[in-house]
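Survey of secondary and tertiary structure
The chain contents come next:
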Amino acid sequence: CPVVGGRCYDNYSGQVSSAVVLANGYVDLGTWYGITPFVGAGVGVANSTVSGLTDTGVTVGGFGFAPTHTSTNLAWAATAGLDYAITPNLKLEISYRYLDMGDVRSGAISCTNTPVCGHEVQKFHLASHDIRIGMRWMFASIPLMAPELPLVTKY
């Protein structure tokens, strides 16, 4: 930092957008009074883009910008929730999901009005905590298994 004995501060501004595709699996933990708790997990990919990144030097007044950069990463999720059977074919569901989309990096920052510029790259870790409420419709009712009849032998 050109300021002797001081600290340099930067303000970063930009946009991050992500598209995530996951394969998910869920396990019901039983049903009591129409309420079914469940857990789930998912794995897939996240395609994330950092665009319009600017770097404004607060201490020394420099300015920089970075080109758009896209990263593709492993993504994973963990879910827990409850569903409630309103009718045999309609369920109300509430769940929590943690979604990890990995790290996304900016393009190399090009500086103006600054004598020293290291063309730094910023890295961000993307994750999401989601509360989800939805409804599930079952198109076909699940057939109930008839109890087995006792084996009877006649002599």
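Structure: above.
Residues numbered from 1 in each chain as written. Predicted model: local features only at pLDDT ≥ 70, side-chain atom pairs only at ≥ 80, totals over all residues. Heavy atoms only, no water.

**Observations regarding the nonpolar core**
Filter applied, for reference: Note on terminology: a nonpolar core comprises buried Ala, Val, Leu, Ile, Met, Phe, Trp, Tyr and Cys residues joined through side-chain atoms within 4.5 Å. We call a residue buried when its accessible area falls under 20% of the maximum for its residue type, exposed when it is over 50%, and partly exposed in between, using a 1.4 Å probe and counting protein chains only. Helix and strand labels come from DSSP, where a helix needs a run of H or I of at least four residues and a strand needs a run of E of at least two; each type is numbered from the N terminus. In what follows, residue pairs with any heavy atoms lying within 4.5 Å of each other are defined as contacts.
In this structure, A46, V50, L53, A66, A75, A77, L99, M101, V104, I109 and L126 together form the largest nonpolar core, which totals 11 residues. Those elements that place two or more of their residues in this core are β2 (35–57), β4 (69–87) and β5 (90–105). If we ignore the near neighbours within four places in the chain, the residues touching M101 are S18, V20, A46, N73, L74, A75, L126, A127 and S128.

**Looking at the side chain of S71**
Relative to the assigned elements, S71 resides in strand β4. Every residue in contact with S71, bar those within four places of it in the chain, is listed here: A46, N47, S48, D103, V104 and R105.

**Side note on unusual backbone geometry**
A positive phi angle, close to 55°, is found at Y33, a residue other than glycine. With respect to the helices and strands, the residue Y33 is situated in the loop between β1 (10–28) and β2. Given the relative accessible area of 80%, Y33 is considered exposed.

**Quick word on the packing of aromatic side chains**
Rules: Only the six-membered ring of Trp is used, alongside the rings of Phe and Tyr, when aromatic pairs are assigned; centres must lie within 6.5 Å, and planes under 30 degrees apart are stacked while those over 60 apart are edge-to-face, with the rest tilted.
In this structure the tally under the stated criterion is 2 aromatic pairs. Consider the rings of Y26 and F38, whose centres lie 6.0 Å apart with planes at 75°: the pair is edge-to-face. In this pair, Y26 sits in strand β1 while F38 sits in strand β2, placing the two residues 12 residues apart along the sequence. Relative to Y98, the ring of W76 lies with its centre 5.3 Å away and its plane at 55°, an arrangement referred to as tilted. Taken together, the positions of W76 in strand β4 and Y98 in strand β5 put the pair 22 residues apart, joining distant regions of the chain.

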